[in-house]
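Report on the structure
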Amino acid sequence: MLSLLRRLGARFGAAPLAIDDTLWQATIDACPLLSPLSPTDQRTLRDLTGRFLAHKRFAPVQGMQLDDSRCLVIAAMACLPVLHLGFDWLRGWREVIVYPGEFRVRREHHDDHTGVVTEGDDVLIGEAWERGPLILSWADIVQDLEDPHAGFNVILHEITHKLDMLDGATDGVPPMPPWVSRREWIETFQRAYEAHCAAVDQDEETVIDPYAAEGPDEFLACLAEAWFSAPDIVDREMPGVGQLLARFFGPPPS
Ligand SMILES: [Zn+2]
């Protein structure tokens, strides 16, 4: 069988890749968050995944070994957030860079109080650039597959950043589909974000990842991954946010 990988990097606008039945079933079996999807949703996801494989270019780095099954897992999970929104929501970028594990990036840090700028390395498991690549650590993808309901999922986190960036502002407010009120989104998320930041500032133990207090963009990305992975926890902790995520993404696959 011709390797999918050899056909990746096809021109933009290329026809979706047809995914072999056996490979598709293996992908569903490998991704516990996908198996509860209805047969109709699985057909839609398979079509979206074929389009992802035709339109995006996979770039393994630092000795990362990518094969068809790994590319399929990444593509299928990346398409889950747009299952009900549509493939157009993944527009504006092409490259998927995959590291074997955590990776370092050089960053400038500005101290707001002293004005001093220092350089240092950040260790990341995923990153999303506006109109640039999606960058992922394979080791962390595997960890998410093995513990699918822990509230963490690096692919869903980074794809949510991509959706947030679509209107040019990475601010926790993605462009809204017609059935979600932007004003309700901003008010509900702002309230929940401030409450979360206050709890983190007071060193309270929070069910939602403390990292969500880093900014409204991280709050959205963390809440989205938590909602796909453990929707009942988000509904219990932040019901308004859970309801809005269900309207935005469609019902969670459980
Ligand atoms: Zn993030």
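Residues numbered from 1 in each chain as written. Predicted model: local features only at pLDDT ≥ 70, side-chain atom pairs only at ≥ 80, totals over all residues. Heavy atoms only, no water.

Notes on the sheet that holds strand 6 (residues 134-137)
- With mixed pairing, the four strands of this open sheet are ordered in space as 1-2-6-5. Of all strands in the sheet, those with a lone pairing partner are strand 1 (57-60) and strand 5 (126-128), marking the two edges. On average, each strand axis in the sheet is inclined to that of its neighbour by 15°, with strand direction left out of account.
- Running at roughly 70° to strand 6, helix 5 (residues 138-146) makes contact with strand 2 (95-99) and strand 6 of the sheet. (Pairing = 2+ DSSP bridges. Helix = DSSP H or I, 4+ residues; strand = E, 2+ residues; numbered from the N terminus. Axes fitted to C-alpha atoms, helices over the stretch in contact; angles between N-to-C directions. Contact = heavy atoms within 4.5 Å.)

Considering the coordination of the zinc ion
- The protein atoms donating to the zinc ion are H157 (NE2), H161 (NE2), E218 (OE) and E218 (OE), with metal-donor distances spanning 2.0 to 2.7 Å.
- Each of the four donor atoms around the zinc ion contributes to a set of angles spanning 53 to 148°, which defines the coordination as irregular.
- Sequence spacing of the donor residues for the zinc ion, all on one chain, is H-x3-H-x56-E. With H161 in helix 6 (residues 154-165) and E218 in helix 8 (residues 216-229), this pair connects stretches of sequence that are 57 residues apart. The pair formed by H161 and E218 is uniform in burial state, with each residue classed as buried. (Donors = N, O, S within 2.8 Å, 3.2 Å for Na, K, Ca; no water. Tetrahedral: all angles 85-135°; square planar, octahedral: opposite > 155°, others 65-115°. Buried < 20%, exposed > 50% of the residue type's maximum accessible area, 1.4 Å probe, protein only.)

Things to note about the packing of aromatic side chains
- Here the structure, examined in full by the defined rule, presents twelve aromatic pairs.
- Centroid distance W185 to F248: 5.3 Å. Interplanar angle 55°. Geometry classified as tilted. Note that W185 is positioned in helix 7 (residues 182-201) and F248 in helix 10 (residues 239-249), a separation of 63 residues in sequence. Side by side, W185 and F248 carry an identical accessibility label, which is buried.
- Through pairs of rings, three or more aromatic residues link up here, namely W89, W185, F189, Y193, F219, W227, F228, F248 and F249.
- The ring of W93 has K56 sitting right over it, with the charged end atom 3.9 Å from the ring centre. (Phe/Tyr/Trp six-rings, centres within 6.5 Å; stacked < 30°, edge-to-face > 60°. Lys NZ or Arg CZ within 6 Å of the ring centre and 35° of its normal.)

Observations concerning the environment of G120
- As for its position among the elements, G120 is in strand 4 (residues 117-124).
- With 49 residues separating them in the primary sequence, G120 and C71 have C-alpha atoms 32 Å apart.
- Beyond its immediate chain neighbours, meaning those up to four positions away, G120 contacts V105, R106, R107 and H109.

Considering helix 8
- Its 14 residues place the ends of helix 8 20 Å apart at the C-alpha level, agreeing with the 20 Å of an ideal helix rising 1.5 Å per residue.
- In terms of burial, helix 8 is largely enclosed, as 13 of its 14 residues are buried. (Expected span 1.5 Å × (residues − 1).)

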